[in-house]
Amino acid sequence: MKVDHETLHKIAHLARLEVRPEEEQPLIESLNEVLTWMEQLNEIDTTGVEPLTHISAELNALREDVVGHQLPRDQALENAPEKTDAYFQVPKVIE
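Residues numbered from 1 in each chain as written. Predicted model: local features only at pLDDT ≥ 70, side-chain atom pairs only at ≥ 80, totals over all residues. Heavy atoms only, no water.

Under the annotation held in an unreviewed UniProt entry, the chain carries the name Aspartyl/glutamyl-tRNA(Asn/Gln) amidotransferase subunit C and is attributed to Larkinella terrae. The heading Subunit (unreviewed entry) in the UniProt record of the chain holds the text "Heterotrimer of A, B and C subunits." UniProt lists a comment for the chain under the heading Sequence similarities (unreviewed entry), and it reads "Belongs to the GatC family." (UniProt positions renumbered as here; feature names shortened; annotations may be inferred.)

K.L.:
I keep staring at the side chain of Glu24 and nothing clicks. Help me out?
P.N.:
Along the chain, Glu24 turns up in helix H2 (residues 21–42). Of the side chains with opposite charge, Arg20 lies nearest to the buried Glu24, which makes no salt bridge, at 10 Å. The residues contacting Glu24, other than those within four sequence positions of it, are His5, Leu8, His9 and Val19. (Helix = DSSP H or I, 4+ residues; strand = E, 2+ residues; numbered from the N terminus. Buried < 20%, exposed > 50% of the residue type's maximum accessible area, 1.4 Å probe, protein only. Lys, Arg positive; Asp, Glu negative; His and termini not counted. Salt bridge = Lys/Arg side-chain N within 4 Å of Asp/Glu carboxyl O. Contact = heavy atoms within 4.5 Å.)

K.L.:
Hey, could you run me through unusual backbone geometry in this one?
P.N.:
The phi torsion of most residues other than glycine is negative, and most of the peptide bonds are trans. At Arg16, a residue that is not glycine, the phi angle is positive and equals roughly 55 degrees. When you line up the elements, Arg16 lands in the loop between helix H1 (5–14) and H2. Judged by relative accessible area, which is 65%, Arg16 ranks as exposed. Despite not being glycine, Asp85 shows a phi value in the positive range, around 50 degrees. Take Asp85: it is sitting in the loop between strand S1 (83–84) and strand S2 (87–88). Residue classification places Asp85 among the exposed positions, given a relative accessible area of 75%.

K.L.:
Please explain the pattern of salt bridges as it appears in this structure.
P.N.:
Two side chains bearing opposite charge may form a pair once their charged atoms approach each other closely. Inspection of every chain in the model, using the stated rule, returns two salt bridges. Two residues, Glu22 and Arg20, come together in a salt bridge whose shortest N-O distance is 3.0 Å. Since its relative accessible area comes to 54%, Glu22 is described here as exposed. The salt bridge partner of Arg20 is Glu23, with a shortest N-O separation of 3.0 Å. We classify Arg20 as partly exposed; its relative accessible area is 46%. Here the salt bridges share partners, and the residues they tie into one network are Arg20, Glu22 and Glu23.

This is the structure:
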């Protein structure tokens, strides 16, 4: 598959990209290089190679959720820059 001007405009439209005329030719050449490289990858024999679902076979080392020593509320709020009753007061983030 080769990328031409029409294909580039279609890709740019789908990706909501604005491509200036002076950027078209270098972009077409770059996309064609990527597609050529992908075609080379298709030539590799991958029979017997399992597809990856995760980059690593390691599992999460989870621990039991056990109640332990807790900081009393008064002590936790002691150094808070702003507090309201028994809560931390923070700036509004969502409007």
